[in-house]
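Close look at the chain arrangement
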Amino acid sequence: MHVRRQLIAGNWKMNGLRADGLDLARSLAVWLNGDGADVRDHVDMLVCPPATLVAPVAEAVAGTPLGVGGQDCHAVEKGAHTGDVSAWMLKDLGASHVIVGHSERRTDHHETDEQVRAKAAAALAAGLVPIICIGETEGERDAGQALAVVSRQFNGSLPEGANGTNVVIAYEPVWAIGTGRTPTTEDVAEMHQRIRADARERMGASAEALVILYGGSVKPGNAAELMAIDDVDGALVGGASLKATDFQAIASACV
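Reference entry: report on the structure contained in this document.

Calculation criteria
Residues numbered from 1 in each chain as written. Predicted model: local features only at pLDDT ≥ 70, side-chain atom pairs only at ≥ 80, totals over all residues. Heavy atoms only, no water. 1 Å grid on protein atoms, 1.4 Å probe; cavity = no way out; pocket = protein on both sides within 12 Å on 5 of 7 lines; lining within 4 Å. Points joined across faces, edges and corners; volume = space filled by probe spheres on them. Helix = DSSP H or I, 4+ residues; strand = E, 2+ residues; numbered from the N terminus. Nonpolar A, V, L, I, M, F, W, Y, C, P; charged D, E, K, R; others polar. Salt bridge = Lys/Arg side-chain N within 4 Å of Asp/Glu carboxyl O. Buried < 20%, exposed > 50% of the residue type's maximum accessible area, 1.4 Å probe, protein only. Pairing = 2+ DSSP bridges. Right-handed = clockwise from strand over helix to strand, strands pointing away.

Inspection of every chain in the model, using the stated rule, returns one cavity of 30 Å³ or more. Looking at the lining of the largest cavity, the elements that each hand over two or more residues are α5 (103–108) and β5 (129–134). Its residues assigned to classes, the lining of the largest cavity shows three nonpolar, three polar and two charged.

Attention now goes to the pattern of salt bridges. Here the structure, examined in full by the defined rule, presents 16 salt bridges. Where E104 meets K13, a salt bridge forms, and the shortest distance between an N and an O atom there is 2.8 Å. With E104 in helix α5 and K13 in the loop between β1 (6–11) and α1 (18–32), this pair connects stretches of sequence that are 91 residues apart. Two residues, D233 and R196, come together in a salt bridge whose shortest N-O distance is 2.8 Å. In this pair, D233 sits in the loop between α10 (220–227) and β8 (234–237) while R196 sits in helix α9 (residues 185–203), placing the two residues 37 residues apart along the sequence. Classification of R196 as buried rests on a relative accessible area of 0%.

What follows is about the layout of surface pockets. Roughly 560 Å³ of internal volume is contained in the largest pocket. As for the largest pocket, its lining consists of 23 residues, and the residues nearest its centre are K13, Q71, D72, R105 and H109. For the lining of the largest pocket, the secondary-structure elements that each account for two or more residues are α3 (51–60) and α5. No other element matches the three residues that α5 contributes to the lining of the largest pocket. Tallied by class, the residues present in the lining of the largest pocket amount to eight nonpolar, seven polar and eight charged. The calculated volume of the second largest pocket comes to roughly 260 Å³. Along the walls of the second largest pocket sit 16 residues, with L7, D44, H97, V168 and V211 positioned nearest its centre. Here the lining of the second largest pocket gets three residues from one element, more than from any other, and that element is strand β2 (residues 43–48).

To continue, consider the pairing of strand β7 (residues 211–215). With five of its five residues buried, β7 lies for the most part within the structure. Here β7 shows a buried face lined by V211, L213 and G215 and a second buried face lined by I212 and Y214. Across four bridges, strand β6 (residues 168–171) lies against β7 in parallel orientation. Its bridge partner being in β7, I169 is matched across the sheet by I212. Following the backbone out of β6, through α9 and into the adjacent parallel β7, one traces a crossover that is right-handed. By the bridge criterion, two bridges tie β7 to β8 in an arrangement that is parallel. The residue of β8 that forms the bridge with G215 is L236. As for the winding sense of the linkage, the β-α-β connection from β7 through α10 to β8 is right-handed.

Set out below in structure tokens:
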């Protein structure tokens, strides 16, 4: 029995040109106002397009139930940071959320917990909800370190002032992202229970409102089973969010 309103967030990653991105976003918004009305009444839906599409997508779905977020932000408001985008810029474009600390950023750009924490703090200061990603590698899980790694990342990446209503946590086992592999339901439940316990220590009573997403090869075929797990409050969806029918099916699995 879920006590929190669930969130289904689509991470488009580095995919989508203007025409296709706008078509996808508009079709999702139309669905939420039509055949997906039951989903709309129970689930929040969010798309996180590449930075080039945040503005046009936000304009296209303004006034609809579909939210728009960024995929990353810099830790400062402005300055000499060629190629970077600040949280304030994303807010100005119409974004409500921003992903920080995704494993692809931690791996490809060597982002540390401290850097992720600074980005999450910037998001809060700009009026965005940071979706803070944490998760272990295959080697860390095989070594029996998964729980310890996730607790360290959670505590190291959580900014001052974070509470259960102004941040979202996304647990993504790195070895399951884009591989088609998923952990067992028991594994997912164990990790989400640990995150909730850590949140209670850091946030107190507001931890009960904290939305904790699962991510890592979420697709229509496994969504219902994953979304039924206690303390799983939705999903951060990669590849399946690029196809409207798949993304809709995942959201529908929450109802």
